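Coordinates in review
These are the residues of each chain, in order.
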There are 2 protein chains.
Amino acid sequence: MLILNLSGIIFGLIGIIFTVFLTFKVLENSPGNEKMQKISGAIQTGARAFLISEYKILYIIVIIIFLLLGFINGWQMSLSFLLGATLSVAAGFFGMSIATKTNTRTAQGAIESLSKGLKIAFNGGAVMGMTVASLGLFGLGLIYYLTNGDTISMSGYAMGASLVALFARVGGGIFTKAADVGADLVGKTEAGIPEDDPRNPAVIADNVGDNVGDVAGMGADLYESFVGSIFSASALGVLTFKEKGAVLPFLVVSIGIFSAIIGILFFNFSLKNKKDVDPSKALHFGTYIANGLTLIGVLFLSLSFLKNINLFFVIFLGMIVGMTIGNITEYYTAKTPVKNLAKSAVSGAAPLLISGMAIGMESTAIPVILISFATIISYNLLGLFGIALAGVGMLSTLGITLAIDAYGPIADNAGGIAQMANLEHYVRERTDQLDAVGNTTAAIGKGFAIGSAALTALALFASYTKVTNLNVIDLSKSQVFIGALIGGMLPFLFSSMAMKAVGDAAEIMVEEVRRQFKEIVGLMEGKADPDYSSCVSIATKGALKKMILPSLLAVFMPIFMFFILGKEAVAGMLVGTTVSGVMLAIFMANAGGAWDNAKKYIEEGNFGGKGTFAHKAAVVGDTVGDPFKDTAGPAINILIKLMSIVSIVVIPILIKIFE
Amino acid sequence: MLILNLSGIIFGLIGIIFTVFLTFKVLENSPGNEKMQKISGAIQTGARAFLISEYKILYIIVIIIFLLLGFINGWQMSLSFLLGATLSVAAGFFGMSIATKTNTRTAQGAIESLSKGLKIAFNGGAVMGMTVASLGLFGLGLIYYLTNGDTISMSGYAMGASLVALFARVGGGIFTKAADVGADLVGKTEAGIPEDDPRNPAVIADNVGDNVGDVAGMGADLYESFVGSIFSASALGVLTFKEKGAVLPFLVVSIGIFSAIIGILFFNFSLKNKKDVDPSKALHFGTYIANGLTLIGVLFLSLSFLKNINLFFVIFLGMIVGMTIGNITEYYTAKTPVKNLAKSAVSGAAPLLISGMAIGMESTAIPVILISFATIISYNLLGLFGIALAGVGMLSTLGITLAIDAYGPIADNAGGIAQMANLEHYVRERTDQLDAVGNTTAAIGKGFAIGSAALTALALFASYTKVTNLNVIDLSKSQVFIGALIGGMLPFLFSSMAMKAVGDAAEIMVEEVRRQFKEIVGLMEGKADPDYSSCVSIATKGALKKMILPSLLAVFMPIFMFFILGKEAVAGMLVGTTVSGVMLAIFMANAGGAWDNAKKYIEEGNFGGKGTFAHKAAVVGDTVGDPFKDTAGPAINILIKLMSIVSIVVIPILIKIFE
């Protein structure tokens, strides 16, 4: 078994080596002319400065928890926690650094051909995807190997990952939306200058936001989903299949990483010597290769290693359900409902908002039914282990699915640079084309994120009942019911905090941008430069100040509930948070997505196009949707899992001390 | 015990007699001049026509269920169901008829003095309140007496009440908001004529909407809360305290009805020979009297009948928590948060909408904690029976609390009539003053409604576990968790349907009003009358068509879930629906309330007042909030309870047949 126990480390290392190779390949492309490099440099500097400030605050909390865990419960789990957090930070920082170097190279590549721009942007995203997947697997694999598969140490690692994820998502989400609102509300609406115009003081902050929110934030998010699902599957696997079950999730993910590498190579190969290309097809092609290979590998694993074909079915089910949720998400945020939504903008902002919320709420139904279906089937096939494995299946090819996610903001940034550097019009058109595909593929990525979050939350919940020796969680006990009720309230409170934070930070940003337009002489005529850095610094301060309270809520609530109503009530609370959190997350993500695309649909010239009454209404919808879909919505996914993992780590310690 | 078993019947009858007396007292006031009578007559006709059409559709469904229940499970429960539904219909119809006769009398009274207007409006509302409480108690008391406290028959009665309530809330809610949006969007915004202007074709429909939604809809809503809480307390009481426990809720409510009568009389007495008066104080005075007397009566009951002082504490707790939730509601929808919200309107509609949603989401926290607190304490004092009794305590003085609720739309209507009949300016000022107080007191009423819904849902859930012999509802079973997840999704799907229905109906209404302004020559100059009835009929058709699907969802989901995943999953589903439903209901009600009052605050002249950019933004917020607070939000409260009661009634039958 020794070699199998090393699989996480080995395939993690293979992934890391491939990532380094890919990084060199991306960086060997030309970064474009001096002006482009200057702009890209400003984005890089801003993004790094934000991340470093964020990590400083984050590490104060990480170190406190590290010390507390160490002194109370020994250093093995505590060091695992530190490693989980640190590798997440490293993945986020490295992946984002490369992304900010790729944007200008993508713009430069797009001058040559669409295909070259696509290739560079995708490979930049793939660096992010592979970094996250490889480091996640390597770190957890290392803990697994060193501690002989000690569940408690692995839970510490997962908690580190979760904690960083929540901070990164909330902090990044506040930054990006505050900057976005500032840039749009004053620049586009009041001053009447186009998107990504260099005269807009918030334009650099806006581009920084795409990187710290959509690249680093999402990377940390999926790092924690990935780690959480492997951990929970391993912890449940050992209960039914002993050592084989414990190592199985690592093997599945190892196959997934290997397949993702092949998929990425195939993608690059398919573009060789091609000038024109359908970006959507090319991206899907790589994903299909990776998923197909993974399934073949898992089939082999089912027959020869576990000797149970149900493993194959469960992974297959996870993949299919993840993709279907993705397609449903795409339907609600890009197809017929969006066209109808855009039509309602003709009657004004209020009907558009009501219809958008109705779309978001309706869109919870099918994903929930699909998740339920996956849960029931996989439970019948392999018990609780099956549920966790379905989640692992959804995320197994993360290296390439996250690549496609991270590709979006890179293409978006490339467009911004093309605009700001006054490149020829056709370049911007090409980057817009790349960006548009990114929006669609991102929808599928969100589907995987939501589906896997729900399944992982379920698996983590099951792990919690095991580590606390709760054989039954009896809902007919009033403290459990109350736990569920209070748990159900938390995502609402959390979202409220996140949205308020965006509103407050945006308000300060709006004032600063207005001030610059008024006070800097010659700005509108393009004779003077705006002060980009003051906008970056405002967004940074706002985000950092406001990210702490909601994040701590997730850490302290399980502990608080344990002392007030006991460990069974904590279980009730986790269920309540999952139930209302999953709905709220889907609702917010899809309502926001639908408003965003309804606006774009109108901007394409439908219902009168830009500048009409309908367009103004659509801008209101888009602005309301921004904190929905990019701040509160995605952060709830992490909230759910962080609360579960904190409970798994902390409650057994508290039981030992106080019971 | 015989006399005690008759208490429901006796005090129900006393209430009915008092109501008849009060009705004559209201009707003996002058209905004003011919024009006023004509307008009031048009509102009456429209409202009655709507209710009759609604009841026709409703009775098709009621009769089908009646026959099904009768043939499958015997006629005793089935007849109880029919009685529960019919008395609810009767209460709604009678109460609303009197309310529509009171509006013009209130306007006429306001000509004389503020105090006279207040007295008439309140007494009109009290007819509604007392009708609902008396008929509810009388009917359930009759079933209790005739069947010797048979829980199953009582559950049938409660199911009848719930079914009517959901239809009335959804149908009335769609009607009132479609009419409101039509009147506002075209009349006020596009044509630029004031509120309640007789030239607006939708003005009568708008006033009809207040009656069918806020009077009849709310009456049916509280009728079902009242009946549901008494039933669940009685069903749980018999398990611990035998016959004494079963009859106890009837006794508490009998005391409450008697106290409400005294409160109403005191209110009237306090206004005697007064011209000027503080309406808010006068209304609160009556409520305090009623609650105080009820507590004294309950104290007596605790010491001499149950010989357990905990009864007193539980009822007291229920009252206090209900009032506190009311005050919290008022805080979030009328105090500091609303002023800040109004300020955000200065930056535009998007910031206002984001902030309003943040307020709504935040406002879930304290009520949930209070409900949890009440649950834990009352459970510790009297077990599950205690939880149910706390809910009974909240609703015990329904006769007077609902009076204050129903008073609001009467005062609102009176204002409309004063405007349309061109009464002198000071009359409208007085009715506005009455209306403003109504808004505040309505907030407190909503607090009671939400608090009691949550506690009653909990008690009904407990009853469900008893009737299905589920000693444990184990959340660690995947089907129970899945049940909770799907249950949590339903309030979102339901709200989506309700909001879409409002949007669709409003769209048709907007077109019709636009058409009339365009086609009827001389309308704007006041030389020709608009066609009010076509607007009423559009709202009626829209509401009736769209109310069926969401209502049936509540009836069929428990049955569906039972067949797919079994009775324990049904329990999970009920919890999921309660958890996400309570949050969504509070969120929607308070966000809507906050937007409404932010608009009013701006209209009072703050941040520039009417016609400014901020005001336009606030109008958008108010319009979005309308279906939140008056359609989807309140209907969710009923959805939660209807699903529970359907489960209690139907699942045991299905178990008998299929297991």
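Residues numbered from 1 in each chain as written. Chains lettered and ligands numbered in written order. Predicted model: local features only at pLDDT ≥ 70, side-chain atom pairs only at ≥ 80, totals over all residues. Heavy atoms only, no water.

Below, the discussion takes up the relation of the copies chain A and chain B. Relative to chain B, chain A is turned by 180° and slid 0.0 Å along the rotation axis, the superposed coordinates differing by an RMSD of 0.0 Å. The operation mapping one copy onto its partner corresponds to a two-fold rotation axis. With an isologous cut-off of 70% or more, the 100% of interface residues of chain A that recur at the interface of chain B puts this contact in the isologous class. (Least-squares fit on C-alpha atoms with pLDDT ≥ 70 in both. Contact = heavy atoms within 4.5 Å.)

Let us look at the nonpolar core. By size, the foremost hydrophobic cluster in this structure holds 510 residues, and its most contacted members are A:Phe122, A:Leu353 and B:Phe122. A:Leu353 has contacts with A:Trp595, A:Val620, A:Gly621, A:Val624, B:Leu353, B:Val620 and B:Val624, leaving out every residue within four places of it along the chain. (Core = buried A, V, L, I, M, F, W, Y, C linked by side-chain atoms within 4.5 Å. Buried < 20%, exposed > 50% of the residue type's maximum accessible area, 1.4 Å probe, protein only.)

Residue and element names in this part refer to chain B. Here Thr 540 lies in helix α16 (residues 532–565). Of the polar contacts made by the side chain of Thr 540, one reaches the backbone oxygen of Val 536; its length is 2.7 Å. Those residues within four positions of Thr 540 in sequence are excluded, and the remaining contacts are Phe 50, Ser 53 and Phe 175. (Helix = DSSP H or I, 4+ residues; strand = E, 2+ residues; numbered from the N terminus. Polar contact = N/O pair within 3.5 Å; in protein donor to acceptor, adjacent residues only side chain to side chain.)

The next thing to look at is the packing of aromatic side chains. Inspection of every chain in the model, using the stated rule, returns 40 aromatic pairs over all chains. Where A:Phe563 meets A:Phe658, the ring centres are 5.1 Å apart and the plane angle is 85°; that geometry is what we call edge-to-face. With A:Phe563 in helix α16 (residues 532–565) and A:Phe658 in helix α18 (residues 613–658), the pair connects residues that are 95 residues apart, well separated along the chain. For A:Phe658, a relative accessible area of 51% puts it in the exposed group. Their ring planes at 65° and their centres at 5.8 Å tell us that B:Phe312 and B:Phe313 sit as a pair that is edge-to-face. Overall, B:Phe313 belongs to the partly exposed group, its relative accessible area being 41%. Cluster of aromatic residues (ring-pair linked, three or more members): A:Phe492, B:Phe587, B:Trp595 and B:Phe628. The side chain of A:Lys244 reaches across the aromatic face of A:Phe305, ending 5.3 Å from its centre. (Phe/Tyr/Trp six-rings, centres within 6.5 Å; stacked < 30°, edge-to-face > 60°. Lys NZ or Arg CZ within 6 Å of the ring centre and 35° of its normal.)

Residues lying three or four places apart along an α-helix face the same way, a consequence of the helix completing one turn every 3.6 residues. Under the 1.5 Å per step criterion, the end-to-end length of helix α2 (residues 7–27) of chain B is 30 Å for 21 residues, consistent within 8% with the ideal 30 Å. Check the buried side of α2(B) and you find it contacts α1 (2–5), α4 (75–112), α5 (114–146) and α7 (203–271) of chain B. (Expected span 1.5 Å × (residues − 1).)

Each partner contributes to the interface: chain A provides 61 residues, whereas chain B provides 61 residues. Interface area for chain A against chain B, summed over the two sides, is near 5,600 Å², with a carbon-plus-sulfur share of 83%. In terms of surface lost to chain B, no three residues of chain A exceed A:Met361, A:Phe481 and A:Phe492, which account for 12% of the buried area on that side. Linking chain A to chain B there are two salt bridges. Across the pair B:Glu362 and A:Lys500 runs a salt bridge, and its minimum N-O distance is 2.5 Å. On the surface where chain A and chain B come into contact, there are eight residue pairs in polar contact (both at pLDDT 80 or more). Elements with a contribution of two residues or more to the side of chain A that touches chain B: α11 (349–362), α12 (365–395), α14 (425–467), α15 (478–519), α17 (567–603) and α18 of chain A. The biggest single contributor to the side of chain A that touches chain B is α15(A), with 16 residues. In the side of chain A that touches chain B, the residues fall into 41 nonpolar, 17 polar and three charged. (Buried area = accessible area lost by both parts, 1.4 Å probe. Salt bridge = Lys/Arg side-chain N within 4 Å of Asp/Glu carboxyl O. Nonpolar A, V, L, I, M, F, W, Y, C, P; charged D, E, K, R; others polar.)

Just distances and angles here, no functional claims.
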